[in-house]
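Given next are the chains, with one letter for each unit.
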Amino acid sequence: MGRGKTEIKRIENTRNSQVSFCKRRNGLKKKANELSILYEAEVALIVFCSRGRLFEYSNSNISSTIERLKRISDNSVTPDLDKVFATFYYQEESAKLRQQIQMLETSNRHLLGDSLSTLTAKELEELNKKLKGSLKRIRSKKHEMLQAEIEQFYRRGRITYLISSEHLRRGLQSSPPYKNFVLEI
């Protein structure tokens, strides 16, 4: 069973804070060590805790790593960190968007009735509820549109009836031979 996502906020309890700090510091050291082993990277890690204590890790001499950083800074050959961070950010965002697209495509296939064999009974029941709700909304919208169309046809027919009756009335009044003509219905 996986862990839930923890909310990142300040830990008020000092004991819990120190325990969490030690665990995360050790995890950070472990990741730095993995980076240095897997990618043969020169890694230096410097951490100051809230009490001012220094914690450091380096896969080589930390002083030589710091000197190397100073030389690069002095020569202005440092990579533009904003560009580096932006690249990482956009890579993360594109991965998230690819995952969302894949989820939406899968959901769309399920709604169309494809790939249903991968769903559990509970997921199929939820899909059935969604489809029933969608069908209800579609039928309601269709009913509204038909009602509006019927009312529009009724108004057009009523207007046509009024126009033709007015035309007939004017036609009877203007023609002298039919002056006394009475229309009985």
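Now for a look at the structure at hand. (Residues numbered from 1 in each chain as written. Predicted model: local features only at pLDDT ≥ 70, side-chain atom pairs only at ≥ 80, totals over all residues. Heavy atoms only, no water.)

### Digging into the packing of aromatic side chains
Counted by the stated rule, this structure contains two aromatic pairs. Taking the centre distance of 5.3 Å and the plane angle of 70° together, the rings of Tyr 89 and Tyr 90 count as edge-to-face. Residue Tyr 89 is classed as partly exposed on the basis of its relative accessible area of 45%. Looking at Arg 25, its charged tip hangs above the ring of Phe 55, at a distance of 4.0 Å from the centre. (Phe/Tyr/Trp six-rings, centres within 6.5 Å; stacked < 30°, edge-to-face > 60°. Buried < 20%, exposed > 50% of the residue type's maximum accessible area, 1.4 Å probe, protein only. Lys NZ or Arg CZ within 6 Å of the ring centre and 35° of its normal.)

### Description of the nonpolar core
Ala 32, Val 43, Leu 45, Val 47, Cys 49, Phe 55 and Tyr 57 form the largest nonpolar core, which has seven residues in total. If sequence neighbours within four positions are ignored, Val 47 has contacts with Phe 21, Leu 28, Arg 53, Leu 54 and Phe 55. (Core = buried A, V, L, I, M, F, W, Y, C linked by side-chain atoms within 4.5 Å. Contact = heavy atoms within 4.5 Å.)

### Overview of helix H1 (residues 14–39)
Its 26 residues give H1 an end-to-end C-alpha distance of 37 Å, which sits within 8% of 38 Å, the value for a rise of 1.5 Å per residue. Taken together, the buried positions of H1 are Ser 20, Arg 25, Ala 32 and Ser 36. On its buried side, H1 packs onto strand S2 (54–58). Between the side-chain oxygen of the N-cap and the backbone nitrogen of Arg 15 there are 3.0 Å, and the N-cap of H1 in question is Asn 13. Just downstream of H1, Glu 40 is the residue with a positive phi angle, here 50°. (Helix = DSSP H or I, 4+ residues; strand = E, 2+ residues; numbered from the N terminus. Expected span 1.5 Å × (residues − 1). Polar contact = N/O pair within 3.5 Å; in protein donor to acceptor, adjacent residues only side chain to side chain.)

### What to know about the pattern of salt bridges
Evaluation of the coordinates by the stated rule reveals three salt bridges. Across the pair Glu 34 and Lys 31 runs a salt bridge, and its minimum N-O distance is 3.8 Å. Of the two residues, Glu 34 and Lys 31 are both situated in helix H1; the distance of three residues between them amounts to about one turn of the helix. We note a salt bridge from Arg 68 to Glu 42, for which the minimum N-O separation is 2.5 Å. Of this pair, Arg 68 sits in helix H2 (residues 62–74) while Glu 42 sits in the loop between H1 and strand S1 (44–48), and the two are 26 residues apart along the sequence. For Arg 68, a relative accessible area of 40% puts it in the partly exposed group. Take Glu 42: its relative accessible area is 36%, and that puts it in the partly exposed class. (Salt bridge = Lys/Arg side-chain N within 4 Å of Asp/Glu carboxyl O.)

Note that every value here comes from positions in space, so none of it alone points to a role or purpose.
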